[in-house]
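Report on the structure
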Amino acid sequence: QPEPQPIEEDETLKPFSVLLLGIDQRIHDKGRSDTIIYSVIRPEDHRVLLISIPRDSFVEIVGRNTHDKINHAYAFGGAKMSVETVERLLDAPVEHYAAINFQGLVQLIDYLGGLHLELEHDLINRDPAHEKLEVRAGKELYSGEEVLGFLRYREIGGDIGRTQRHQQFLYALLE
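Residues numbered from 1 in each chain as written. Predicted model: local features only at pLDDT ≥ 70, side-chain atom pairs only at ≥ 80, totals over all residues. Heavy atoms only, no water.

**What about the pattern of salt bridges?**
Applying the stated criterion across every chain, the model contains 10 salt bridges. In this structure, Arg-42 engages Asp-45 in a salt bridge whose closest nitrogen and oxygen atoms are separated by 2.5 Å. The closest approach of N and O atoms between Glu-84 and Lys-80, which form a salt bridge, is 2.5 Å. Placement of both Glu-84 and Lys-80 in helix 1 (residues 72-90) is noted, with a separation of 4 residues, approximately one turn of the helix. If you follow the salt bridges from partner to partner, you end up with Asp-122, Glu-134 and Arg-136 in one network. (Salt bridge = Lys/Arg side-chain N within 4 Å of Asp/Glu carboxyl O. Helix = DSSP H or I, 4+ residues; strand = E, 2+ residues; numbered from the N terminus.)

**Remarks on the packing of aromatic side chains**
Applying the stated criterion to the full structure yields 0 aromatic pairs. When the ring centre of Phe-76 is taken as origin, the NZ or CZ atom of Arg-64, which lies over that ring, is 3.8 Å away. (Phe/Tyr/Trp six-rings, centres within 6.5 Å; stacked < 30°, edge-to-face > 60°. Lys NZ or Arg CZ within 6 Å of the ring centre and 35° of its normal.)

**Re unusual backbone geometry**
For His-46, which is not glycine, the phi dihedral falls at a positive 55°. With respect to the helices, strands and loops of the structure, His-46 is situated in the loop between strand 2 (32-42) and strand 3 (47-52). A relative accessible area of 72% means that His-46 is categorised as exposed. One non-glycine residue with positive phi stands out, namely Asn-65, at about 50°. Mapping Asn-65 onto the fold places it in the loop between strand 4 (58-61) and strand 5 (66-69). (Buried < 20%, exposed > 50% of the residue type's maximum accessible area, 1.4 Å probe, protein only.)

**Some thoughts on the nonpolar core**
Ranked by size, the top nonpolar core spans 21 residues in total, and within it Leu-105, Leu-115, Leu-117, Val-147, Phe-150 and Phe-169 carry the most contacts. Apart from the residues lying within four places of it in its own chain, the contact partners of Phe-169 are Leu-105, Ile-109, Leu-115, Leu-117, Val-147, Phe-150 and Leu-151. Core analysis: the second largest hydrophobic core is formed by 17 residues, Leu-21, Tyr-74, Val-83 and Ala-92 among them. (Core = buried A, V, L, I, M, F, W, Y, C linked by side-chain atoms within 4.5 Å. Contact = heavy atoms within 4.5 Å.)

**As for the sheet that holds strand 2**
Overall, mixed pairing links the 4 strands, which are arranged 3-2-1-6 in an open sheet. The two strands at the open ends of the sheet, each matched to only one other strand, are strand 3 and strand 6 (96-101). The average angle at which neighbouring strand axes cross in this sheet is 25°, direction not considered. Two strands pair when backbone bridges link them, and strand 2 and strand 3 are joined in this way by 6 bridges, in the antiparallel orientation. Within strand 3, the residue paired with Tyr-38 across the bridge is Ile-51. This element, helix 1, spans strand 1 (16-24), strand 2 and strand 6 of the sheet and lies at about 40° to strand 2. (Pairing = 2+ DSSP bridges. Axes fitted to C-alpha atoms, helices over the stretch in contact; angles between N-to-C directions.)

Pasting the structure below:
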């Protein structure tokens, strides 16, 4: 009978990477990854590191021999092309990915009974070119539809403000 060998490293404590994709998907449309967050989970020290990649970043789309907005990689080749494009952009491995569309996000938040967000000002899309959206500040819990509105709001802060809201959402979800 062979002698038991000591475990060199606990596999469950090894850091790993996850690409988080928020998909803007319409009926009869493959969708685009309008939220792209590269994350590294470090179980040993209970840390999650997040890098938001702006959806309009002009990059080489792996497998297309072209440069385009990074969010188009998902429309061209799904999660596989998005993963490969991010790996090339960051020169870092993507070991896992998770993708969710609008409907999935709304269902998830509603299943959880809502989400607590620190929202100090009402978010209202007033531009007629933007879809109607209104999320009121000061609530204890926000529904799935309200959280989706919070994440999609674009009229103040542009892409940077949106990215900050995406990160705020993730931290609230982790809580």
